[in-house]
Amino acid sequence: MSLRDVVIYTSEILRKPNAEVTVFDDELKNLTDDMLETMYKHEGIGLAGPQIAVNKKIVVIDIPDENGEQGKNPLVIINPKITKLEGEIVDSQEGCLSVPGYQDTVQRYERCTVEYQNLKGEHCVFDNVDGLFAICLQHEIDHLEGKVFVDKLSRLKRERLHKKYEKYLKELN
Ligand SMILES: [Zn+2]
């Protein structure tokens, strides 16, 4: 396993189209192992392919248990598709490994149904899930559509963040 660099907003890599995965082999397994390692290292609960500059429809998620611990239930979610959004619109306090040091409240659906494939290529479904998991799924699947959670904020906030992170990116390079 190896750590990957996290792509930082406002990089265009986060806006590129992401390809469907068609080959389910060891290389894919190694890639998702790297994604999980990178996510844990940065104390995230989810990470999408474009966030490590792999523009493919791959997501990893690990929702902490009641003791705040991760690692017991790492999920690898390939080619996910939201097939249903249900329930109330809820406020969700979110952050993103690609927008380090920033959190804000955005709106999400309370529940969702997601069809996806596992590492073997088998078709699976998260049926009408809720809570943090449902919100995390929506956040990560947005990444696969070239969206970042800050896109949901007001224009004023977006402009301010854009400037701030453009500057931050320049300083990194
Ligand atoms: Zn994110």
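Structure: above.
Below is a short write-up of the structure.

Scoring rules and cut-offs
- Each chain has its residues counted from 1, following the order in which its sequence is written.
- Since the coordinates come from a predicted model, pLDDT governs what is reported: local features require at least 70, and pairs of side-chain atoms require 80 or more to be given and counted, while whole-chain, interface and lining totals use all residues.
- Neither water nor hydrogens contribute to the side-chain values; these are computed over all heavy atoms in the structure.
- Distances decide who is a donor: an N, O or S atom must be within 2.8 Å of the metal, or within 3.2 Å for Na, K and Ca. Water is not included, so sites may look incomplete.
- Note on conventions: DSSP H or I runs of at least 4 residues are helices, E runs of at least 2 residues are strands, and numbering of each starts at the N terminus.
- Working definition: with a 1.4 Å probe on protein chains only, accessible area under 20% of the residue-type maximum means buried, over 50% means exposed, and in between means partly exposed.
- Residue contacts follow a heavy-atom distance rule, with two residues in contact if any of their heavy atoms lie within 4.5 Å.
- Only strands joined by at least two bridges in the DSSP assignment are considered to pair.
- Helix axes are fitted to C-alpha atoms over the stretch in contact, other axes to C-alpha atoms as well, and angles between N-to-C directions run from 0 to 180 degrees.

Coordination of the zinc ion by the protein is provided by Cys 96 (SG), His 139 (NE2) and His 143 (NE2), with metal-donor distances spanning 2.1 to 2.3 Å. Along the chain, the residues donating to the zinc ion are arranged with the sequence spacing C-x42-H-x3-H. A residue pair is termed a helical-turn pair when its members lie 3 or 4 positions apart in one helix, as His 139 and His 143 do in helix 2 (residues 131-144) at 4 residues. Residue classification places His 139 among the buried positions, given a relative accessible area of 7%. Judged by its relative accessible area of 1%, His 143 falls in the buried class.

With respect to the helices, strands and loops of the structure, Val 90 is situated in strand 3 (residues 75-94). Residue classification places Val 90 among the partly exposed residues on the basis of a relative accessible area of 22%. On a C-alpha basis, the gap between Val 90 and Gln 138 in space is 12 Å, while along the polypeptide they are 48 residues apart. Residues within four places of Val 90 in sequence aside, it is in contact with Val 106, Gln 107, Arg 108, Tyr 109, Glu 110 and Ile 135.

What the 5 strands build is an open sheet, ordered 1-2-3-4-5; its pairing is antiparallel. Looking at which strands have only one partner, the edges of the open sheet turn out to be strand 1 (46-48) and strand 5 (123-129). Across the sheet, the mean angle from the axis of one strand to that of its neighbour is 35°, orientation sign disregarded. Across 5 bridges, strand 4 (residues 104-117) lies against strand 5 in antiparallel orientation. Across the sheet, the residue bridging to Tyr 116 is Cys 124, located in strand 5. The strands touched by helix 1 (residues 26-41) within the sheet are strand 1, strand 2 (58-61) and strand 3, with strand 2 carrying the most contacts at an inclination of about 45°.

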